[in-house]
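# Examining the three-dimensional arrangement
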Amino acid sequence: MSKAYEELTITEDGRKLLKKAEQDQVETVWDRHQAQQPQCGYCDMGLSCRICAMGPCRVDPFGEGPQKGVCGADADIIVARNLCRMVAAGASSHSDHGRDLVEVLAGVAKGTAPGYTIRDEGKLRKVALEYGINPEGKDVLPLAGELAWAMMEDYGMRQEQITLLKRAPEKRRELWKKIGVTPRGIDRETSEMMHRTHMGVDNGWQSLLLQALRNALSDGWGGSMIATEVSDILFGIPTPRPTMVNAGVLKQDQVNIIVHGHNPVVSEMILKACESPEMLALAEAKGASGINLAGVCCTGNELLMRHGVPMAGNHLMTELILSTGAVDMMLVDYQCIMPSLGTVAACYHTKMISTSDKARFPGMEHREFHPDNARKLAEELVKEAIENFTRRGKVYIPVEPVPAIGGFSVETIVGALGGTPEPLIEAIKAGKIRGAVGIVGCNNPKIKHDHGHVTLTKRLIENDILVVDTGCVSVANAKAGFKVPEAIAMAGPGLKEVCGSLGIPPVLHLGSCVDNVRILVLASALADALDVDISDLPLAGAAPEWYSEKAVTIGVYFVASGVYTVLGPMPPITGSLNVVNLLTEGLNDVVGAAFAVEPDPENAALLIRRHIEGKRKALGLSSIKV
Ligand code: SF4
Ligand code: MSK
């Protein structure tokens, strides 16, 4: 590793653990990123294609080499197709996660998912009503079965549009209808996206990108929304609760178990097992003072939101957390799990367990979770983690943990406002809060770890812009100290006054990456209250350090829903000026919002502030020159 640790991450635990990893000769994501330099310029610009066996092909961006693939596809077609396939992959990931939750809901109804239950009957009844099921007088389990069945229909092709689209403002739904992007079925749109991008199908770069909007909307208002709603039904609506964050949440004298991935179906059951008196007694018998369950990435966010379980780190910290030598077991489900983790763990005593039938990893023991065996398997695994505690070598826990508050669902935000979004609207109208921004997404070794998230957040709150965050951003912001009520000291005077009177931090943790849909629901509530479209509101989205295909899909459904969105890393589209222009300008005329790309978070903050002030002015609210 030739770069100084300070150039790689802004976090103290990250820097200290990078040093430790280097001493232990552990290869990290930063080493591999460096080894990949220079990365392929054709791929970086989206100009390479390997969709069929006549290829692989590439288009020369300087006009000297080939300008068309073997089939005749030009730069516009190749770039658009590549981006569309990223959207399809992201939509399928979130939506398949949602499908797994629907299966558990169906299992609870049938009695084949022991250990799972309906934790929020009120939400079950409310969502059932939205699906056209009259919940009155119905027992919980048959109702859960009916709802699961209705949600399964959303994945298919028997409907004209997915059900929860009704939550979007009417003006937005009319617009989607007019431009032909109303999503019909969740799987249908992904399947059609893959079909259209097969060689010899859709070769209109504009029509391809329109289908990408429809596909992303099928995720945002479909698969992801179902994932969030069913998680709330099965595991409870999140409520604000205190927690701790960073590598310091690991405990020297306790059995440390880390959950990593996205789906709460596994992690919720592990939490239950960790809390059982039998396991706690066993841990004590093995010389540990307790069992410490902590999370990384989004499955950690799911547990933090509902139980206050501490978070050890975000995406780029996942290897480094293992290099503490303090992790007795890491359990993974799916998404964002680096295939390198098994190799890192092999340098220590850590047991690595993969749990999903659809996700295997080198160097991990595969122990498959299903709704019918989850409770028993969770107990077995926690027991094995306790046994492994006795095999620990030297442990290095580099920092003290930082306090944070997580667990802000739409329900709790509206609850904190007194049951209606009206006080928030009044604060926006009065200019105390200039607007709100959803900062979402990942880490990416191309950007200094957490620098994009934390700098952007800081600039926004000090300019009276409320920040809500999800996924790996929320860990970065919690580590930076933005998520305690005292953080209002870093906010501008208006935001300080509003958050101070409500007793909430200026940066609200809204959950995991599927929970970005909570931002859509909140935006819809604000738009409805003001009788405008989402695109009229002083709102924006940002993904300062995104890396995953899921993040592309989130960005596309944000924009398609009317939310101006600023990306940090450039997506692989610069090979087509037409595609770049459509995504960064042309979409304004289509959906009333577009993307911007700005890797420097200081500049991104300026872009967002200008956008917000522009929207305020258009609404007839006070605006300032930025
Ligand atoms: Fe080449 Fe066309 Fe095949 Fe792509 S689809 S690999 S551009 S021949
Ligand atoms: S885990 S998608 S790195 S937010 Fe959801 Fe983090 Fe991005 Fe994965």
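The rules behind these values
Within each chain, residue numbers correspond to sequence positions counted from 1 in written order. As they are written, the chains are lettered A onward and the ligands numbered 1 onward, keeping that order. Given that the model is predicted, a residue must reach a pLDDT of at least 70 before its local features are reported, and side-chain atom pairs must reach 80 or more before they are shown or counted; all residues, however, enter totals for whole chains, interfaces and linings. Only hydrogens and water are set aside when side-chain values are computed; all heavy atoms of the structure are taken into account. Think of it this way: any DSSP run of H or I at least four residues long counts as a helix, any run of E at least two long counts as a strand, and we number them from the N terminus. In this setup the radius of gyration rests on C-alpha atoms only. A globule is expected at 2.2 Å times the number of residues raised to 0.38. Using a 1.4 Å probe on the protein chains alone, a residue whose accessible area is under 20% of its type maximum counts as buried, one over 50% counts as exposed, and one in between counts as partly exposed. Stacked, edge-to-face and tilted are the three classes for Phe, Tyr and Trp ring pairs, Trp counted by its six-membered ring, which pair at centre distances within 6.5 Å; planes under 30 degrees apart are stacked, over 60 edge-to-face, the rest tilted. Only when the NZ of Lys or the CZ of Arg is both within 6 Å of the ring centre and within 35 degrees of the ring normal is a charge said to sit over the ring. The pairing criterion for strands is at least two bridges between them, as found by DSSP. Note on definitions: angles span 0 to 180 degrees between N-to-C directions of axes, and those axes are lines fitted to C-alpha atoms, for helices only across the stretch in contact. The contact definition used throughout considers only heavy atoms, calling two residues in contact when any of these lie within 4.5 Å. We call a residue near a molecule or strand whenever a single non-hydrogen atom of that residue lies within 4 Å of it. Each residue is assigned to one class: nonpolar for Ala, Val, Leu, Ile, Met, Phe, Trp, Tyr, Cys and Pro, charged for Asp, Glu, Lys and Arg, and polar for all the others, Gly among them. Buried and open spaces are told apart on a 1 Å grid over the protein atoms alone, a cavity being a set of points where a 1.4 Å probe fits but cannot get out and a pocket being an open set with protein on both sides within 12 Å along at least five of seven lines. Residues with an atom within 4 Å of a point are the lining residues. Grid points are joined across faces, edges and corners, and a volume is the space filled by probe spheres set on the points. Boundaries between domains were set according to an automatic or database domain assignment. Here, patches come from residues exposed beyond 30% relative accessible area and free of salt bridges, joined within 9 Å for like charges and within 5 Å for nonpolar side chains (Val, Leu, Ile, Met, Phe, Trp, Tyr). Computed by Shrake-Rupley with a 1.4 Å probe, the accessible areas treat only the displayed protein chains as cover when residues are assessed. Basic side-chain nitrogens of Lys or Arg form a salt bridge, by our definition, when they fall within 4 Å of a carboxyl oxygen of Asp or Glu. Defined here as a combined quantity, buried area equals the accessible surface (1.4 Å probe) lost by two parts on assembly, summed across both. Cavities and pockets are treated as containing a molecule whenever more than half of the molecule's atoms lie within 2 Å of their grid points.

## Notes on the overall build of the protein
In terms of helices and strands, the protein carries 25 helices and 16 strands. Taking 2.2 N^0.38 as the reference for a compact globule, 626 residues should give roughly 25 Å; the C-alpha atoms of the protein span a radius of gyration of 24 Å, in line with that estimate. By principal-axis analysis of the C-alpha atoms, the protein measures approximately 65 × 65 × 50 Å. Counting over 626 residues, the protein shows a buried share of 62%.

## Considerations on the packing of aromatic side chains
Scanning the model with the defined rule gives three aromatic pairs in all. Between R58 and the ring centre of Y42, over which it is positioned, the NZ or CZ distance is 5.7 Å.

## Overview of the sheet that holds strand β14 (residues 539-543)
With respect to topology, six strands assemble into an open sheet ordered β13-β12-β11-β14-β15-β16, the strand pairing being parallel. Either end of the sheet is taken by a strand with one partner, and the two such strands are β13 (507-511) and β16 (595-597). Strand-to-strand, the axes of this sheet are offset by a mean angle of 25°, without reference to chain direction. With four bridges connecting them, strand β12 (residues 465-470) and β13 associate as parallel partners. Within β13, the residue paired with V468 across the bridge is L508. Where helix α25 (residues 601-618) meets the sheet, it contacts β11 (435-439), β12, β14, β15 (565-567) and β16, and its direction lies at approximately 160° from that of β14.

## What to know about the site of ligand 1
In the neighbourhood of ligand 1, the contacting residues comprise C49, R50, I51, C52, M54, G55, C57, G69, V70, C71, R81 and M199. For the shell around ligand 1, the class distribution of residues is eight nonpolar, two polar and two charged.

## Describing empty space enclosed by the protein
With the rule as written, the count across this model stands at eight cavities of 30 Å³ or more. Taken as a whole, the largest cavity spans an internal volume of roughly 140 Å³. Surrounding the largest cavity, 14 residues form its lining, A436, V468, I519, L522 and L539 being those nearest its centre. Sort the elements by how many residues they give to the lining of the largest cavity and helix α22 (residues 516-530) lands first, with four residues. Empty space within the second largest cavity amounts to approximately 120 Å³. Considering the residues around the second largest cavity, the lining is formed by 17 residues, among which C298, C336, G441, C442 and C513 are closest to the centre. Element by element, the count of residues in the lining of the second largest cavity is highest for helix α23 (residues 549-560), at three residues. In the lining of the second largest cavity, the residues fall into nine nonpolar, seven polar and one charged. Inspection of the lining of the second largest cavity shows a minimum of three residues originating in each of domain 2 (241-389) and domain 3 (409-618).

## Points about a nonpolar patch on the surface
Taken together, the side chains of M54, V70 and M199 present a nonpolar region at the surface, about 270 Å² in accessible area. Looking at the secondary structure, you find V70 in the loop between β2 (57-58) and α5 (75-110). Accessibility expressed as a relative area gives 57% for V70, which makes it exposed.

## A word on the domain arrangement of the protein
Considered domain by domain, the protein is made up of domain 1 (75-235), domain 2 (241-389) and domain 3 (409-618). Here domain 1 and domain 3 have C-alpha centroids that lie 23 Å from each other. Every contact between the two is made by 37 residues of domain 1 and, on the other side, 39 residues of domain 3. Summed over both sides, the interface of domain 1 with domain 3 buries roughly 3,200 Å², with 71% coming from carbon and sulfur.

## Regarding unusual backbone geometry
In this structure, P38 follows Q37 across a cis peptide bond, with omega equal to -10°. Mapping P38 onto the fold places it in the loop between α3 (29-35) and α4 (41-44). Cis geometry marks the peptide bond from G55 to P56, where omega comes out at 10°. Of note, N246 is a non-glycine position whose phi angle comes to about 100°, a positive value. Within the secondary structure, N246 sits in the loop between β3 (241-245) and β4 (255-260).

## Structural notes on the site of ligand 2
Lining the immediate environment of ligand 2, one finds 13 residues, of which H262, C298, C336, C472 and C513 sit closest. Structurally, ligand 2 is housed in the second largest cavity. Elements that contribute at least two residues to the shell around ligand 2 include exactly α13 (297-307) and α20 (471-479). Residues belonging to the shell around ligand 2 are distributed by class as follows: seven nonpolar, five polar and one charged.

## Description of the pattern of salt bridges
One pass over the full model with this rule turns up 45 salt bridges. Between K479 and D13 there is a salt bridge, with its nearest N and O atoms 3.0 Å apart. Remark: D13 occurs in helix α2 (residues 12-23) and K479 occurs in helix α20; sequence separation between them is 466 residues. Under the relative-accessibility criterion, K479 is labelled buried at 13%. The exposure class assigned to D13 is buried, which follows from its relative accessible area of 2%. Put simply, K123 and E411 hold a salt bridge, and the shortest N to O gap is 2.8 Å. Remark: E411 occurs in helix α17 (residues 410-416) and K123 occurs in helix α6 (residues 121-130); sequence separation between them is 288 residues. Residue class for K123 comes out buried when judged on its relative accessible area of 4%. Put simply, K123, K126, E130, R167, E229, D232, E302, R306, E411, D515 and R518 are held in one network by salt bridges that share partners.

## Examining the pairing of strand β7 (residues 329-332)
Each regular strand displays side chains that alternate between the two surfaces of the sheet. By the alternation rule, side chains of β7 split into M329 and L331 and M330 and V332, which are all buried. Note: β4 against β7, four bridges, orientation parallel. Across the sheet, residue I258 finds its bridge partner in β7, namely M330. As paired strands, β7 and strand β8 (residues 351-354) are joined by four bridges and run parallel to one another. Along β8, the bridge assignment pairs L331 with I353.

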